[in-house]
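Commentary on secondary and tertiary structure
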Amino acid sequence: MTDIMIYVHIPFCDSKCFYCNFSSFVCGEDIKRQYFEKLNQEIVKNTDKNLNVTSIYIGGGTPSCVDERYIAKIIDALKTNFSVSKDAEISIEANPCSLTNEKIKSYLKCGINRISIGVQSLDNKSLKTIGRKHSKNQAIYAIKLAKQIGFKNINADLLIGIPGQTYSKLKRSAKLLLRQNITHLSAYMLINEPNTLLTRLIEKGGIKTVSEDECVTNYNKLTKYLNKHGFVRYEISNFAKDNFECKHNLGYWQLKNYLGFGVAAHSFFDGFRYENPSSINDYLKSNFEYTKNKLSEVEKIEEYLMLGLRTIYGVDITNLKMLGYDILKQKDKEINFLLKSGFLQLNNNHISVNSEHFGVLNQILLKLLP
Amino acid sequence: MIEKQTNIRNFCIIAHIDHGKSTLADRLIEKTGAVATRDMSDQLLDSMDLERERGITIKLTPTRMYYTLDGEDYILNLIDTPGHVDFTYEVSRSLAACEGAILIVDASQGVEAQTIANTYLAIDNNLEILPVINKIDLPSAHVNRCRKEIEDVLGIYAQDCPAISAKDGTNIEEVIKQIIEKIPSPKGDINSPLKALIFDSLYDNFKGAICFVRIFDGQVKIGDKIKMMKTDKVYEVTEVGIFTPKMKEMEILSSGDVGYICASIKNLSDTKVGDTITNAINPTKEPLPGYKDVQPVVFSGIFPVDGAKYEDLKDALEKLKLNDASLKFSPENSVALGFGFRCGFLGLLHMEIITERLEREFGLEIITTAPSVSYDVYKTNGEMIEVSNPSMLPPQAEIERIEEPMIKLEIYTPPNYVGAIMELCQDRRGEFIDMQYLEKTRVVLKYNMPLAEMIYDFFDNLKSRTKGYASLDYEVYGFKPSELVRLDILLNGEPCDALSMIIHKDKAYSRGRQIAEKLKKIIPRQLFEVPIQACIGGKVIARETVSAMRKDVLAKCYGGDISRKRKLLEKQKAGKKRMRQFGSVELPAETFISILKTDDND
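A few points on the structure. Computed from a predicted model, the values in this text were never measured in an experiment. (Residues numbered from 1 in each chain as written. Chains lettered and ligands numbered in written order. Predicted model: local features only at pLDDT ≥ 70, side-chain atom pairs only at ≥ 80, totals over all residues. Heavy atoms only, no water.)

Overview of the overall build of chain A
What counts is decided by this rule: Helix and strand definitions here come from DSSP, where helices need a minimum of 4 consecutive H or I residues and strands a minimum of 2 consecutive E residues; each element is numbered from the N-terminal end. Only protein chains enter the accessibility calculation, which uses a 1.4 Å probe; a residue is then buried when its area is under 20% of its type maximum, exposed when over 50%, and partly exposed in between. Contacts are assigned to residue pairs with any non-hydrogen atoms lying within 4.5 Å of each other. Shrake-Rupley sampling with a 1.4 Å probe provides the accessible areas, and residues are treated as covered by the protein chains on show and by no other component.
A tally of helices and strands in chain A yields 15 helices and 15 strands. A total of 370 residues make up chain A; the buried ones form 57% of that total. Long-range pairs, those at least 24 residues apart, make up 70% of the contacts in chain A with a sequence separation of at least 6. Entry remark: accessible area of chain A is about 16,200 Å², with carbon and sulfur atoms responsible for 48%.

Concerning unusual backbone geometry
A cis geometry characterises the amide bond from G60(A) onward to G61(A), with omega recorded as 25°. By the secondary structure assignment, G61(A) is in the loop between strand 2 (48-60) and helix 2 (68-81). Although it is not a glycine, N348(A) adopts a positive phi angle of roughly 60°. Residue placement: N348(A) occurs in the loop between strand 14 (344-347) and strand 15 (350-353). Despite not being glycine, S264(B) has its phi angle at roughly 50°, a positive value. One can find S264(B) in strand 14 (residues 258-265).

With respect to the packing of helix 9 (residues 418-427) of chain B against helix 11 (residues 458-465) of chain B
Residues and elements named next belong to chain B. Keep this limit in mind: For helices, the fitted axis covers only the stretch in contact; all axes are lines through C-alpha atoms, and the angles between them, taken along N-to-C directions, range from 0 to 180 degrees. In this scheme, roughly parallel covers angles under 35 degrees and roughly antiparallel covers those over 145, while 65 to 115 is roughly perpendicular and the rest are oblique. For any helix crossing, the convention is left-handed if the near helix is rotated counterclockwise from the far helix by under a right angle, and right-handed if that rotation is clockwise. Ten residues, namely Ala, Val, Leu, Ile, Met, Phe, Trp, Tyr, Cys and Pro, are considered nonpolar, four, namely Asp, Glu, Lys and Arg, are considered charged, and the remaining ones, Gly among them, are considered polar.
Running from amino to carboxyl end, helix 9 crosses helix 11 at an angle of 160°, the nearest separation of the two axes being 9 Å. Comparing the axis directions of helix 9 and helix 11 gives the class roughly antiparallel. Classified by chirality, the crossing of helix 11 by helix 9 is right-handed. Of the residues in helix 11, those touching helix 9 at A420, I421, E423, L424 and C425 are F458, N461, L462 and R465. Residue classes in the contact of helix 9 with helix 11 are distributed as six nonpolar, one polar and two charged.

Re the side chain of S85(A)
All names here are of chain A. As for its position among the elements, S85 is in strand 3 (residues 82-94). We classify S85 as buried; its relative accessible area is 18%. Every residue in contact with S85, bar those within four places of it in the chain, is listed here: N52 and V53.

So, the pattern of salt bridges
Keep this limit in mind: Any Lys or Arg side-chain nitrogen located within 4 Å of an Asp or Glu carboxyl oxygen qualifies as a salt bridge.
This model, assessed by the stated rule, comprises 45 salt bridges over all chains. For R525(B), the salt bridge goes to D213(A), with nearest N and O atoms at 2.9 Å. Of this pair, R525(B) sits in the loop between helix 12 (505-522) and strand 29 (530-536) while D213(A) sits in helix 8 (residues 212-228), placing the two residues on different chains. Judged by relative accessible area, R525(B) falls into the partly exposed class, the value being 30%. Looking at D213(A), the relative accessible area reads 26%, which means it is partly exposed. One salt bridge connects R273(A) with E303(A), and the closest N-O pair in it is separated by 2.6 Å.

So this is what it looks like as structure tokens:
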């Protein structure tokens, strides 16, 4: 049996947020029906009972905006076509507007045991700025509901750097979330991607952005605040209470095998990386034959470093040596410098980035790459 | 076949930059049918891309044309010349190979600095000067005023000189007619031993070094044994020919001819420009006078961006030197930039052209340091050393005095800019010598000024202050003691040798501050704070800080898509390749030249 993680992409949303440039569409029921049929075909095509599924992640888009029966069917299909482990972590993303009593019950029933709620902020003005359709109270209500009906592992997303957001506003949002006894928190810095409505509004003027430096300062303050309340920043942008780290998320950084189903989904299997078509029409027409790229020896080392250093566990230098890279020897000068100046730590045969310097991970990486 | 020397005319065209030299050359070639019209591309003789793009001529390019006048066939040999002040040296080279010169004057601009300088060069070389007024198609053309100016300023009779438009071809025949009638034919002796002047050379991968020659006496053909008079090296001629302007093989070259000689010469250095070629068996007694060796006046360090390309840079410089004898270079080692070369140039344009050619023709990525002049440093122990690299300046305590090269500067300008120019010259430590009205609308200002002050964006400043109307000419006349100090730039506490400069004491403070501010803008943020300090003799006079980088990473991961992170990392990797590691600080390649471009209002 080979361990595997599965990602399923649900590309639908009820409305597009101002900062989003990801693969998501607002569309009618007909397309949704076709899409889920296709998704089922893709799962069937990849059927392999010898694969032991350790985690499933249903992401989007907004998976909670589609009829819950679609989701149940997908989970069923996965259970039929793969060997889903009993203690598998099964997550779904949801937004406060579309999450209902019925949906939560249905999710729990089909085995979903972790829910990630796209809160982003608990400040009504901030929510409006980025085009979220829910209010602060709706978001709190959604978390309460999920908890009440039975979810024990709840994540909330929080955005940092929303125009107009001060640290005190950010802290207030975090405080309100902690009060709801969430177990996991993802905190992302807002990136003004090209071709998004928010970027266009900023370029037009009138919307004052938060400087990168201020974002980082706020992020570090938030990290300290969350630490104080029992949350550890175990990965660059994720915080969890003890034992609530997202296995699926960690798996990406630990080079675990994963299969991605659905439009724009990515897979990493047996040393090959490949991606599904990013347009929904291409996906619907697809015969699921994709060009797969085998990672070269150097790429393997690079990815191991690039991904591994995103977590506080860092990378194992013995593993690197096995990949043919004796980092302590070959980057002796750089590592010494980084250790001395506090960017890196060397513990137990692992090198890891000091979490307060996660923001400049790439600069550190550039010094460590072969 | 035209055999008689009396039917040959060897001439060049001299002019101020942009007065239409290359365009006239093209029209002459077209009119005499040397090149089929379909092969014409604008500015035929400017063969380098760089020359065509900038509309300037750098290399000498000869061409032979045929013309029939009153039933008599003539050979016209044109040797094109560079127009810019930096290349005066090359101009004098082509002049020595000619009997006459066409002097072009722009009908709207009149006589300019380079017109005068080149005319005197031509007179010094005993050439017959044939003035031509060009650009009469322009609405602002003043042909008669121009004739008067040529007579008043240059003292050359100009009442019957052709008024032409090289652009649209008006009166080109008249120019050809006057070339034949007024320029004397060569007066060599075909029966004397061979005497040929090398006025340029070129390296060809198959033929070896090719000498561009003017035959003064005698003849040369395939199989002849020839001797270079400077080196005494003997070669056997494998090919002789002329320029059409493409190289065309001939049986023989005789006195009066302009052409080329190939003789399986392996090294370009054996075909020294200015040397005389003679027959090895029947040599001439006296070589031709040749040329003065030129001394470079502007120096700069050139380093490969990628340290591994040192050998490539060396090869490229050697190849450039083959047909640019004025380029000087020697190996240099810098703490900040690694191995490279200290190069000497005739001037700033020359430097710019060499660096551009290295980049374009050889595909090299290079870093140039701010240009410097060569100082004479008198040490307290009585020794004198020449310092062209600021980091080589001895400690202050060992210096008795420093002398810097001085120039005589002449600026030609309409009178309304005199104030602005005087202000500029004063600011650049210029010493006012004289001011003369050449005529109502033209003034010449004369200054003595340190050369070092010229090399910091003086041209740009002059152009912007005079809306481009002023032109200038300068020559180095000697050295003068001056209160000079070395300004060092410390990055993260370490002096960066490639950023040091020698500067007048009174200017050191303001420049130090400017540079520190400029560097702050150029040096990207790094993992840690980078202090920038400007120092004189260990004393910090200015300080800026590049604050530490805070964020450079994509945190969000969409459904296992790591390709975005990979892309960002690849981009950052590529950017890093272009960086120079100086201690623990990373510097972009442009850091080193940017300090030169600090202008007054920055």
